[in-house]
Amino acid sequence: MKQIKIDTLFTSIHLSELSEQEQILIKACKEASINAYAPYSNFHVGASLLIEDGEIILGNNQENAAFPSGLCAERVALFHFGSRNSNKSIKAIAICAQNSNGKFTDDFIVPCGGCLQVMSEFQMKQKEKIKVLLYRADEEVMLGVGIENFLPLQFILKK
Ligand code: THU
């Protein structure tokens, strides 16, 4: 028998200590969360992607009366980017959430497993790590460089 231990690494950093570009990315995910369509959960998630050329792509959760038909903010942004079939890489993704009263969450919003799997796919395709920035109300940011820190074991289709 053999046991395997996998370490992950995160940094906790205040918004003001991030680079100007990363601060802009956080601002973008906050703005994206305003336009979420979340009448069922009242949980308005915003995601923003930083592309290598400096472009920022936004996404927010889009809910549906048939619950499973909705989609998370991260995948809305990622699939929008994917639909361009661009060969540019994603440098970072920022994520936050607010309630219906415009209050951002006191805790970091960790992406769901499905979104992490999709992020892993993009990271695998571009062969460059994606930085994940999670924002909470006190303006502290949890940062992980590489999706493997959040999803150490990714599903890979090997036939
Ligand atoms: N949601 C996201 O947008 N991203 C996640 O990573 C997890 C959850 C959304 C889905 C749903 O609209 C709401 O948050 C409550 O689960």
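Just above, that's the structure.
These numbers come from a predicted model, not from an experiment.

**Student:** Go over the packing of helix α2 (residues 73-82) against helix α3 (residues 113-126), please, and point to the residues and values.
**Tutor:** Running from N to C, α2 and α3 point in directions that differ by 25°, and their axes come no closer than 9 Å. One way to sum up the angle between α2 and α3 is to call them roughly parallel. Crossing handedness for the pair α2 and α3: left-handed. Facing α2, whose interface residues are Glu 74, Arg 75, Leu 78, Phe 79, Phe 81 and Gly 82, α3 presents Gly 114, Cys 115, Val 118, Met 119 and Phe 122.

**Student:** Describe the packing of aromatic side chains, and please don't skip the residues or the numbers.
**Tutor:** Inspection of every chain in the model, using the stated rule, returns 4 aromatic pairs. Arranged with centres 6.3 Å apart and planes meeting at 40°, the rings of Phe 81 and Phe 122 form a pair that is tilted. Note that Phe 81 is positioned in helix α2 and Phe 122 in helix α3, a separation of 41 residues in sequence. Pair check on accessibility: Phe 81 and Phe 122 agree, each one buried. Over the ring of Phe 104 we find Lys 30, and its NZ or CZ is 5.3 Å from the ring centre.

**Student:** Hey, could you go over the site of the ligand for me, with residue numbers and the actual values?
**Tutor:** Near the ligand, the surroundings consist of Ser 41, Phe 43, Val 45, Asn 61, Glu 63, Cys 72, Ala 73, Glu 74, Pro 111 and Cys 112. Contact distances for the ligand include 3.0 Å between an oxygen atom and a backbone N or O atom of Cys 112. Here the ligand loses 75% of its free accessible area of 370 Å² to cover by the protein chains. Among the secondary structure elements, those contributing two or more residues to the shell around the ligand are β2 (43-51) and α2. When its residues are assigned to classes, the shell around the ligand shows 6 nonpolar, 2 polar and 2 charged.

**Student:** Before we move on, can you summarise unusual backbone geometry with the specific residues and values?
**Tutor:** If a residue is not glycine, its phi is most likely negative; likewise, a peptide bond is most likely trans. Backbone geometry at Lys 127 places phi at a positive 55°, although glycine is not the residue there. Residue position: Lys 127 is located in the loop between α3 and β5 (131-135). If you check the backbone angles, Glu 139 has positive phi at about 70° while not being a glycine. With respect to the helices, strands and loops of the structure, Glu 139 is situated in the loop between β5 and β6 (140-145). The partly exposed category is assigned to Glu 139, whose relative accessible area is 28%.

Quick notes on the rules
Residues numbered from 1 in each chain as written. Predicted model: local features only at pLDDT ≥ 70, side-chain atom pairs only at ≥ 80, totals over all residues. Heavy atoms only, no water. Axes fitted to C-alpha atoms, helices over the stretch in contact; angles between N-to-C directions. Helix = DSSP H or I, 4+ residues; strand = E, 2+ residues; numbered from the N terminus. Parallel < 35°, antiparallel > 145°, perpendicular 65-115°, else oblique. Left-handed = near helix turned anticlockwise from the far one by under 90°. Contact = heavy atoms within 4.5 Å. Phe/Tyr/Trp six-rings, centres within 6.5 Å; stacked < 30°, edge-to-face > 60°. Buried < 20%, exposed > 50% of the residue type's maximum accessible area, 1.4 Å probe, protein only. Lys NZ or Arg CZ within 6 Å of the ring centre and 35° of its normal. Near = heavy atom within 4 Å. Polar contact = N/O pair within 3.5 Å; in protein donor to acceptor, adjacent residues only side chain to side chain. Areas by Shrake-Rupley, 256 points an atom, 1.4 Å probe, with all protein chains shown as cover. Nonpolar A, V, L, I, M, F, W, Y, C, P; charged D, E, K, R; others polar.

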